[in-house]
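Reading the structure
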Amino acid sequence: MINIAHDIAKKKYGQTFPNPSVGCVISKNSKVISKAVTSQSGRPHAEEIAIAKAGSKTKGASMYVTLEPCFHTSKNGSCADQILRSGIKKIFISAPDPDQRTFKKSINKLRKNNIYVNVGLEKDKTYYLNKFFFKSILKKKPFTKVKLAISSDEKIAWQNYKSKWITNKFSRHHGHKIRSASQAILTTSKTIIKDNPKLTVRLNKINESHIPIIIIDKDLKIPLKAKILKDISKKRIIIFTSKKNKKSENLIKLGCEIILCKLNKYNKLNLNSIFKKIYKLNIADILVEAGGIFFTDLLKHRLVDEIHLFKSPILIGEKGKPAIVGKKFENLKLFLIDRKKFKNDNYYYYEVV
């Protein structure tokens, strides 16, 4: 039963931000009577939906849920209270909720009310699926993935930035899958000026969807005619800058959120401070799509959790723009999670150790 709960949670991953994707199954006499997963945007929770679906059949039933039910109040009371009212007699929970509003409080309350509680069944599956949730709560910063397309000699662009694509269409399609399973995209004004990307999710030729975009733009250089600003009514755009001027007012009128930051002693924006502010905006998962200098800065400040690397067989040469300034990927402490081939391209999915 717990594996069914994990399977349905996996199918909804990337659609429940900022909440984790949680699966819930209610069974009675070894038969599934109800199952549910966290709703889009995080509410209502899986347990609440599953209980409502099962109705009076919950009396004496067992619940299998991938994450500890919430202790804090919601529209119909906490999930823990709803479980108590439902008459469920046994509950199997994969992992405690790291959110301090709940952490083991629901587990203890259910036990005190004579409900059998088993914790830890397939807990690794919950941790792996919702890494962003566990890590962002621990660090109070968003879980950060970096997506990079590089040549065989680890360059991300030619010297003149003229060529648009390094990898093939199959790699790019997988890149859009990674975008679609992210809460927001983080980029820089330099990337917008050089590439003028749309940064939309395009999984097929018909549908194009939008996710929030965060832009690091110290001197507010983003062009007002950038493609990224054309569909602003369909997405959230947040710009971190040190400038407050006529241009910032125009960007606010367009619909952008401008967050002013002080420069540090190196005349740069403080990335650690920005990441904490992003987390306070209820954004717990970001995908970075930017250049080698910014990627190097993120590594320097230990702000990268995962790397999605697409490597093409093409050779750019010494004058090309490097993926990491002054280093090679072999110099980084990485753990390989997955590897795939997309025709002649190689894809590597790394965890930063």
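Going by the structure above, here's the rest.
I will try to describe carefully the structure that is included in this document.

Each value, and the rule that gives it
Residues numbered from 1 in each chain as written. Predicted model: local features only at pLDDT ≥ 70, side-chain atom pairs only at ≥ 80, totals over all residues. Heavy atoms only, no water. Phe/Tyr/Trp six-rings, centres within 6.5 Å; stacked < 30°, edge-to-face > 60°. Buried < 20%, exposed > 50% of the residue type's maximum accessible area, 1.4 Å probe, protein only. Lys NZ or Arg CZ within 6 Å of the ring centre and 35° of its normal. Helix = DSSP H or I, 4+ residues; strand = E, 2+ residues; numbered from the N terminus. Arc of directions from axis to C-beta. Contact = heavy atoms within 4.5 Å. Polar contact = N/O pair within 3.5 Å; in protein donor to acceptor, adjacent residues only side chain to side chain. Axes fitted to C-alpha atoms, helices over the stretch in contact; angles between N-to-C directions. Parallel < 35°, antiparallel > 145°, perpendicular 65-115°, else oblique. Left-handed = near helix turned anticlockwise from the far one by under 90°. Nonpolar A, V, L, I, M, F, W, Y, C, P; charged D, E, K, R; others polar. Pairing = 2+ DSSP bridges. Right-handed = clockwise from strand over helix to strand, strands pointing away. 1 Å grid on protein atoms, 1.4 Å probe; cavity = no way out; pocket = protein on both sides within 12 Å on 5 of 7 lines; lining within 4 Å. Points joined across faces, edges and corners; volume = space filled by probe spheres on them.

1. Points about the packing of aromatic side chains
Inspection of the entire model under this criterion finds 13 aromatic pairs. A centroid spacing of 6.2 Å and a plane angle of 75° characterise the contact between Tyr 13 and Phe 17, whose relative ring orientation is edge-to-face. Classification of Tyr 13 as partly exposed rests on a relative accessible area of 24%. Note that Lys 90 overlies the ring of Tyr 116, its terminal NZ or CZ placed 5.9 Å from the centroid. Taking the ring centre of Trp 165 as reference, the NZ or CZ of Arg 172 above it sits at 4.2 Å.

2. Topic: helix H10 (residues 271-280)
Along H10, the residues classified as buried are Leu 271, Ile 274, Phe 275 and Ile 278. Projected down its long axis, H10 carries its buried residues within an arc of 100°, all on one side. In this structure, the buried residues of H10 make contact with strand E6 (143-150), strand E8 (184-188), strand E9 (213-216), strand E10 (237-241), strand E12 (285-288) and helix H11 (292-300). Backbone nitrogen of Asn 272 and a side-chain oxygen of the N-cap are separated by 3.1 Å at the start of H10; the cap is Asn 270. Looking one or two residues beyond H10, the residue adopting positive phi is Asn 282, at roughly 70°.

3. Section: the packing of helix H3 (residues 79-86) against helix H4 (residues 105-112)
Between H3 and H4, the least distance of the axes is 10 Å, while the angle of their chain directions is 20°. With respect to H4, the element H3 is oriented roughly parallel. Judged by the sense of rotation from one axis to the other, the crossing of H3 with H4 is right-handed. For the pair H3 and H4, contact is made by Ala 80, Asp 81, Ile 83 and Leu 84 and by Ser 106, Lys 109 and Leu 110, respectively. Looking at the contact of H3 with H4, its residues break down into four nonpolar, one polar and two charged.

4. A closer look at the pairing of E8
Extensive coverage of E8 is indicated by the burial of five of its five residues. Here four bridges tie E8 to E9, and the two strands are oriented parallel to one another. Paired with Thr 187 across the strands is Ile 215, a residue of E9. Following the chain from E8 across helix H8 (residues 189-195) to the adjacent parallel E9, one finds a crossover that is right-handed.

5. Structural notes on the layout of surface pockets
Computed from the structure, the second largest pocket encloses a volume of approximately 760 Å³. For the lining of the second largest pocket, the elements supplying multiple residues, two or more each, are helix H1 (2-11), helix H5 (123-129), helix H6 (131-139), E6, helix H7 (169-180), strand E13 (306-311), strand E15 (334-342) and strand E16 (345-352). Grouping the amino acids of the lining of the second largest pocket by side-chain chemistry returns ten nonpolar, six polar and nine charged.

6. Things to note about the sheet that holds E16
One open sheet holds the nine strands; their spatial order is E11-E10-E9-E8-E12-E6-E13-E16-E15, and the pairing between them is mixed. Pairing within the sheet leaves two strands with one partner each, and these edge strands are strand E11 (257-260) and E15. Across the sheet, the mean angle separating the axes of adjacent strands is 20° when strand polarity is ignored. Bridge count between E9 and E10: four bridges; the pairing is parallel. Following the sheet pairing, Ile 215 is matched in E10 by Ile 239. Where H10 meets the sheet, it contacts E6, E8, E9, E10, E11 and E12, and its direction lies at approximately 150° from that of E10.

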